[in-house]
Each structure stands twice: as structure tokens, then as C-alpha cells.
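Examination of the molecular architecture
This is what each chain is made of:
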Amino acid sequence: MSKAVRKAVVFTEYGGPDVLHVAGIDVPEPAAGQVRVRIKAAGVQPVDALFRSGAAARWLPAAFPQQLGNEFAGVIESVGPAVAGSSLGDEVIGFQPNSCYAEAVTVPADHLAAKPAAMPWPEAGVLSASGQTASTALEDLGVGPGDTVLIHAAAGGVGTFAVQLAVAAGATVLGTASERNHPFLRDLGAIPVTYGEGLTERIRAAAPGGVDASLDAAGTPEAAAAALALVADPHRIGTTVPRAAMAEPRIRSLSTRRSAQRLAALVALYEAGSLKIFIDRTYRLHEAADAHRAIETGHVRGKIAIVP
Ligand SMILES: NC(=O)c1ccc[n+]([C@@H]2O[C@H](COP(=O)([O-])OP(=O)(O)OC[C@H]3O[C@@H](n4cnc5c(N)ncnc54)[C@H](OP(=O)(O)O)[C@@H]3O)[C@@H](O)[C@H]2O)c1
């Protein structure tokens, strides 16, 4: 099968951000049901850093030389047999495990949604993973009109999407963040609450009518304690942070379910003006180590993008 040689970020051993480097990789010609996409932007997630460091090796082992990155946007440059609805030159948003910090990727055509022409590339590149995680989590927690929902780490990658999706669903949203992010959260439609000692009491004061559901993207013991103290229905307490669910069995572990339909629904909300995408910073492929240093601070606002 013919293939294209392209640049990608890889690591050949576990370690700190400096193990990341740019190398030439073979990107296969698309098989039946696949397309190859020239990547214009990709998103960075905390899990990418866990993957690189080896901290996730037990459940996500690397196969060296290992690529990384789960979300991208780009232009279709090759279409395999038996693909309906995707054409050469289409601008798309997509998802594919551990392969998106690259100039190109070959993916199943059903991992794609159409990119609106007016959506900037970095924004398009960071929607698929965190956006779908937030969407799945709110669905699993049954968040809807009239609910008061608490979102921990509301200013981060998952949180910024979750806040906006919950507001769009008709919920009242409380979001935890440091004070520098309070104006940002207010602009998104949330009531900001500072995390740290006294969190549960501050939330109680900010939501005198009570809290119906809690989505945790921070993974801290205090986030778990606040949710357990304030939310009566245990089925409506969840976390996207696997170690937080392992530490506290009363909290549901929420895992993403990605699909072209879920992605297209997010794109539709963006086009309707109900979902904004926030880029903290963009990096080039050769700056992937700096992108990882940034995500590892735990204080990114919105998302980090890699622009090849
Ligand atoms: N299970 C899944 O399918 C899935 C999918 C995606 C992500 N995840 C997981 O979900 C978690 C969140 O991901 P993410 O992309 O949203 O992370 P992120 O973007 O790195 O989160 C950064 C945000 O966390 C906030 N923060 C830091 N410390 C906090 C604290 N103690 N309390 C509350 N907020 C705090 C920061 O706000 P300040 O700067 O204001 O402190 C910052 O805005 C990660 O553990 C990730 O691995 C799981």
C-alpha cells in the first residue's frame, strides 16, 4: 500500500517533555472507509502528558516510536474506497487516538464532522476530545433545564465546554476556578466559586437552592468532598479524572463516547453562537515539549493547540 511520509511528534522512551521530538512517519493511503487528512491544528490534553511520561502505561501502553494526540482539524487530501459523504478538499474536524500531533493522519471517515468555513483552525483542532468528554459527562449526569450543576475545574479544557453546554441545556451552573478566571467564567454564564479550603461552604452560599449534579474535572479530594456533601443523588456525581473515581468509589467515573454525531452536534452549537472555543496558546510541532510543559501546569484556560 502506498503511503505519505510526513512529520509527526513522537517519543521513543517514557520521560519528561523533552522526550518529544519531530520525526518522519509513514501515513498510510486510506483503506476502505478511510480518508487521509492534512492536519491544520491538533489539541493537547492532560492525558497526552500522562501517556508520554509513562504514568498511564498500565492502561495505555506506548508502542515506540509512539505518536500522540487525539483530536485534529484539517483538509481531506485522499479518499479511500467506499467512502460516502467525504470528498477531497473538505475541511473537517475529527478524532483519532494517539496520532494527531502530525502533518497528516489516516482516519475512518466516520470520525469526522464538517468544519464551518468561519471557524479558525486552532479552535477546530481542539473541539473533538474535550468537547465530546463534556457532552458525554453531562448526558451521563442527566443535566437539563432547571438543574443546578457544579463543575469543578470549570476554566479548563473539559470545563469550558461543560459550562457552556450546561448553560445551553438550561441549567444554572456553578464553576470552580482560581480568582483570575472568575470574570472569564461569568462571561460563560457560570457563577464562579474559588476552590481551596472552605469550598463546600462557598458553594452552599452561592447555591442556596441546592446542587442537583456535580461534574468534576479537577480530581481533587476537596472537589469530591464538596460533591458528596451537596448532591443528594449519587448517580448525579461524576468525574472525568480516573484516579478520582478510584479514590472515591461513590463517585461515577465518566468516560467519553466519541462519534461523528456528537461532534456534529457540538459544531451546530458553535454555529448557533452557543459554544465558544478558547485557545490559551498555540505551539508548532517542534514546540510540543513546551506545549506539554504548559498542560502540566494544570492552569490552562480553555485549550492548547498544536499547529503544524
Ligand atoms: N475520561 C475521559 O474520557 C477524559 C477525557 C478528557 C479529559 N479527561 C480528564 O479530565 C481532567 C480535566 O481535563 P482538562 O482537559 O479539562 O484539564 P485542564 O485543561 O488541564 O484543566 C486546567 C484547569 O484546571 C483548573 N484547576 C487547577 N487546579 C484546580 C483545582 N484544585 N480545583 C479546580 N480547578 C482547578 C485550572 O483553573 P485555574 O487556572 O483557575 O486554577 C485550569 O483552568 C483531566 O484529568 C483529564 O485527563 C478525561
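Residues numbered from 1 in each chain as written. Predicted model: local features only at pLDDT ≥ 70, side-chain atom pairs only at ≥ 80, totals over all residues. Heavy atoms only, no water.

**Thoughts on helix α3 (residues 128–140)**
Across its 13 residues, α3 extends 18 Å between first and last C-alpha, which sits within 8% of the 18 Å expected from 1.5 Å per residue. Within α3, 12 of the 13 residues are buried, which leaves the element mostly enclosed by the surrounding structure. Phi turns positive, to about 65°, at G142, one or two residues after α3. (Helix = DSSP H or I, 4+ residues; strand = E, 2+ residues; numbered from the N terminus. Expected span 1.5 Å × (residues − 1). Buried < 20%, exposed > 50% of the residue type's maximum accessible area, 1.4 Å probe, protein only.)

**A short note on the packing of aromatic side chains**
Both the distance between ring centres and the angle between the ring planes are used here to describe each pair of aromatic rings. Evaluation of the coordinates by the stated rule reveals 5 aromatic pairs. Note on F11 and F64: the rings are 5.8 Å apart at their centroids and 75° apart in plane angle, and the pair reads as edge-to-face. Of the two residues, F11 is situated in strand β1 (residues 3–11) and F64 in the loop between α1 (46–53) and β4 (66–67); the sequence distance between them amounts to 53 residues. Residue class for F11 comes out buried when judged on its relative accessible area of 0%. Its relative accessible area of 39% is what places F64 among the partly exposed residues. (Phe/Tyr/Trp six-rings, centres within 6.5 Å; stacked < 30°, edge-to-face > 60°.)

**A word on the pattern of salt bridges**
Oppositely charged side chains can form a pair if their charged atoms are brought close together. A full pass over the atoms with the stated rule returns 14 salt bridges. Note that R36 is salt-bridged to E77, the shortest N-O span being 2.6 Å. Of this pair, R36 sits in strand β3 (residues 34–44) while E77 sits in strand β5 (residues 71–79), and the two are 41 residues apart along the sequence. Two residues, E139 and R262, come together in a salt bridge whose shortest N-O distance is 3.1 Å. One end of the pair, E139, is in helix α3; the other, R262, is in helix α9 (residues 260–271), and 123 residues separate them in sequence. If you follow the salt bridges from partner to partner, you end up with R6, E29, R36 and E77 in one network. (Salt bridge = Lys/Arg side-chain N within 4 Å of Asp/Glu carboxyl O.)

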